[in-house]
Structure formats: structure tokens, C-alpha cells
Amino acid sequence: MMMHLATAARLATGCASAALKAPSGAAPKSLLLANALARAPKLPPSSALSLHHSQGFSTRAERKKAALERRYHWIEPEAERLIARAYARHKTLQQRDQPSPNGWTSFPPSISLKDLESDALNQEYHYEPKTRGDKIAKTLVYYGEQLMHLFFRDKYDHHAVTLETIAAVPGVVGAAHRHLRSLRCMKRDHGWINPLQEEAENERMHLLIWMQHTKPTRLERAFVICAQGLYVAAYSVLMYLSPRTAHRTVGYLEEAAHRAYTDYLRAVDEGKIPNVPAGEVAKTYYRLDDSATLRDVILHVRADECMHRDFNHHLGDLYDNNEADEFPTKMDETMGLEEGQAAESSEEKSGRKAGKGRKRQSAATAEAAAATAGYSTQAAASNKNE
């Protein structure tokens, strides 16, 4: 691309110089200059240059970079759009007046039951394992899922309660790992801690929602106590030894959660479980109408699990690409939720990729300015200056 720019610049300069040296009896210099510039070769648009540059990759790294141009490449763009919209509905009221990068004009962003029932969210997406660690993670989750089905069978509501007590663990362990890593290495975290804490809080809220619809038995409570102790210890060790595999494990666990909630939804539709009114916690958390039912809540919770599934697979990809010190890409930062609108223009994306060094420098400057002005750490993190 630099060669294109240099060649075009030399040609344009030459044409302009020739125009200025024209005889005095000729047309006015301004007219000659305009004609010369009009005849100069025009540069192709930046997208075309990028496409030309991406063809004929010389290294494996370049091919991998092109394949990951979409950070959430394993799901359809429509699914990405709906997951981001659904997940944003339970963000804190504190955030409702902050500028939104994807063009939302209202808070919370509206989403219909038709959207939540769409094929994009109903489809079971699967991240194909690439490494030995991925295969181990997939195998562990598979046998854990079979154990849960054997234990609960058709008690989908009880299954949901127990599932959330386990699913709420990785977020807080992962956030603690990144927090301690930042302290240990004496460097910034680049925005990983807050999304992981938010994930853990979201899963805990799911638990409180389901506790209004069912009460676990003593045996199930004992199962939860044992499972939580083992899982916290095992996941902490795995996060320390291989964070990439740890996040991949959570991604596969959330794939299993999506299947579990799809089964729960099917049982409600078939009349095996009564479609009772939604609990107060769910109506407050998801900002639902008073007429909302259990089925509506399941649809919202399943959309949340889609977000956790894809975000953890994305974090695993960042480790795979040696980008553990890069800001993770959230769906609501990359997908415009108004039809036809993107969060960033292609020009901005190109500038961001070309200037990672400048981004780190400006982020560090903004962080220092925030500290000087006395802003809190949470406010700085909202601007990606954690």
C-alpha cells in the first residue's frame, strides 16, 4: 500500500509541476493545475488496498490474522447483533446516559421476543477445537454435562439452579487472576477485569432469578457445595497454568448452558413445566413487563449465556494470538444495533490496527490525566483506562 501511495504522489507532483511551468499564453495556471490533478491516477479506496494486501499471504501468521478479522468469527453477524442487544438490557442504570459506541438511541435497547426466538439465537454454535488444550477442555465439559443430565434428568429448573452456581465461578476467578497478574507484573490489565467480574455477577443474578421458581433439595445443595469447592480449586490451577485453556473451557461450558436452556424452553413449550409468571427479580433485572412469564425469562437468560460463550472463546483466541495485553473486543463495541450501522467505520478500524503503539501511549496519557483529576478507577475503566 505504501508503494501505491508513493507512486501516486510522485505522479501527481510531476503533473502539477508541468502545469505550473506552462507558457504564459496558455490557459490560466489554476485551470492547468486542476486539469493535471484530475488526470493524476486516483488511489483505490482503503478497503480495496486492504483486500489487495490480504491476497496471497506469505506467512501463516498473516493467514491467521485474516481469518480472525471478525473477532467473533464462529457465529453469524446476526447472532452477534442480537446477543449484544439482549445483554445490554440489564446493564446498570449508571451507564444509561453514557455515550454509546453503537448508536443506541434508548436505554435499555429494545429487543422483542421474536428476536430472542430467532434462529440466530436458537442455533447451537460450536467452536471447533484447534489445540490439545482445546480438546481436553471440550472433553472435560462433555463428561461434566453427561453427569449433570444423569443427575437431574428432566428437572430442568433444578438443573438451572445448580448450573448457575458453577457458571458464576470462572468470572470471579479469572478477574482475580488478571488482577494479581497486573500487580505482580506491575502493568496495566487492558480492560479484562471488569468484563469478567460482570460475567460472574450476571451468572449470580441468574441463580437468584431461578431461586424464585424452584427450591433445591438438600441433596442438590450438598452437590453444589462439593462441586463448587472442587471447581474453584481446579479452575484456579488451570487459570494459572494455562489461561487460554481455562477460557476455552468456559466457552464450552456456556455452549452446554445454551443447550440446557434450549431444553428447558422446549419443556415449557410442550407443557411439561408450567409457564408461570416471571419473578420480581427477573422483571427488575431485565426490565420486563408485568405480564412477563417464565418462558420470557428463559429466553433472556439463554441470550446471556451466548454472550459468555462467545466472549470466553474470544479471550482464548487473544491468548492464542499472543494478545493477552490487548483490549478484548466486546460485541456491543463492534456491532451497530441500528440496522445498517456499525460501531466503527472501516477507516477507524484500519487506523486502530495500524496504530496500536499510539493507542497504548494515548491510553497511558489518559490514565495519568484521570489520576491527576481524581477520577475513580471505575470511571477510568469505563473509558478503557483501567
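These figures come from a predicted structure and were not determined experimentally.

What should I look at first to understand the packing of helix H9 (residues 156-167) against helix H13 (residues 243-269) in this one?
The packing of two helices is summarised by the inter-axis angle and the distance between the axes. Put simply, H9 and H13 touch, their axes get as near as 10 Å, and they point 160 degrees apart. Relative to H13, H9 is oriented roughly antiparallel. The two elements H9 and H13 meet at a crossing, and its hand is left-handed. Note on element contacts: H13 touches H9 through Leu-253, Glu-254, Ala-257, Ala-260, Tyr-261, Asp-263, Tyr-264 and Ala-267, opposite Tyr-156, Asp-157, His-159, Ala-160, Leu-163, Glu-164 and Ala-167. Residue classes in the contact of H9 with H13 are distributed as 10 nonpolar, 1 polar and 4 charged.

Honestly, the packing of helix H8 (residues 132-152) against H13 in this entry has me stumped. Any pointers?
Contact geometry for H8 and H13: axes closest at 9 Å, N-to-C directions at 35 degrees. H8 and H13 meet at a crossing whose hand is right-handed. Contact residues: H8 offers Gly-133, Asp-134, Ala-137, Lys-138, Val-141, Glu-145 and His-149, while H13 offers Arg-244, Thr-245, Arg-248, Thr-249, Tyr-252, Leu-253, Ala-256, Arg-259 and Asp-263. A breakdown of the residues in the contact of H8 with H13 according to their chemical character gives 5 nonpolar, 4 polar and 7 charged.

Just checking my understanding: could you explain the nonpolar core for this structure?
In summary, soluble globular proteins display a tendency toward joint burial of nonpolar side chains. The biggest cluster of nonpolar side chains holds 68 residues, and the ones touching the most others in it are Ile-83, Trp-210, Tyr-261, Tyr-264, Val-297 and Ile-298. The contacts of Ile-83, once residues within four sequence positions are left out, are Ile-75, Leu-121, Ala-303, Cys-306, Met-307, Arg-309, Asp-310 and Met-331.

I'm lost on the environment of Val-268 in this one. Help?
For Val-268, the location among the structural elements is in helix H13. For the pair Val-268 and Leu-294, spaced 26 residues apart in sequence, the C-alpha to C-alpha distance is 8.4 Å. Sequence-distant contacts of Val-268, that is, excluding residues within four places in its chain, are made with Ile-273, Asn-275, Leu-294, Arg-295 and Ile-298.

In this structure, what is going on with a nonpolar patch on the surface? I would like to understand it.
Judged by side-chain polarity, Val-237, Tyr-240 and Leu-241 come together as a nonpolar surface patch covering roughly 380 Å² of accessible area. For Leu-241, the location among the structural elements is in helix H12 (residues 218-241).

Can you help me understand the packing of aromatic side chains in this one?
A ring pair, where both rings are aromatic, is described by two values, the distance of the centres and the angle of the planes. For the structure shown, the criterion picks out 9 aromatic pairs. With 5.3 Å between their ring centres and 75 degrees between their planes, Tyr-142 and Tyr-143 make a pair best called edge-to-face. With a centroid separation of 6.5 Å and an interplanar angle of 90 degrees, the aromatic rings of Phe-152 and Phe-223 are classed as edge-to-face. A residue pair is termed long-range when its members are at least 10 positions apart, and Phe-152 in helix H8 and Phe-223 in helix H12 qualify at 71 residues. For Phe-152, a relative accessible area of 1% gives the class buried. Accessibility expressed as a relative area gives 22% for Phe-223, which makes it partly exposed. Cluster of aromatic residues (ring-pair linked, three or more members): Phe-151, Phe-152 and Phe-223. The ring of Trp-192 carries Arg-178 above its face, with NZ or CZ at 3.9 Å from the centroid.

Rules behind the numbers
- Residues numbered from 1 in each chain as written.
- Predicted model: local features only at pLDDT ≥ 70, side-chain atom pairs only at ≥ 80, totals over all residues.
- Heavy atoms only, no water.
- Axes fitted to C-alpha atoms, helices over the stretch in contact; angles between N-to-C directions.
- Helix = DSSP H or I, 4+ residues; strand = E, 2+ residues; numbered from the N terminus.
- Parallel < 35°, antiparallel > 145°, perpendicular 65-115°, else oblique.
- Left-handed = near helix turned anticlockwise from the far one by under 90°.
- Contact = heavy atoms within 4.5 Å.
- Nonpolar A, V, L, I, M, F, W, Y, C, P; charged D, E, K, R; others polar.
- Core = buried A, V, L, I, M, F, W, Y, C linked by side-chain atoms within 4.5 Å.
- Buried < 20%, exposed > 50% of the residue type's maximum accessible area, 1.4 Å probe, protein only.
- Patch = residues over 30% accessible without salt bridge, like charges linked within 9 Å, V, L, I, M, F, W, Y side chains within 5 Å.
- Areas by Shrake-Rupley, 256 points an atom, 1.4 Å probe, with all protein chains shown as cover.
- Salt bridge = Lys/Arg side-chain N within 4 Å of Asp/Glu carboxyl O.
- Phe/Tyr/Trp six-rings, centres within 6.5 Å; stacked < 30°, edge-to-face > 60°.
- Lys NZ or Arg CZ within 6 Å of the ring centre and 35° of its normal.

The values are spatial; any link to function lies outside them.
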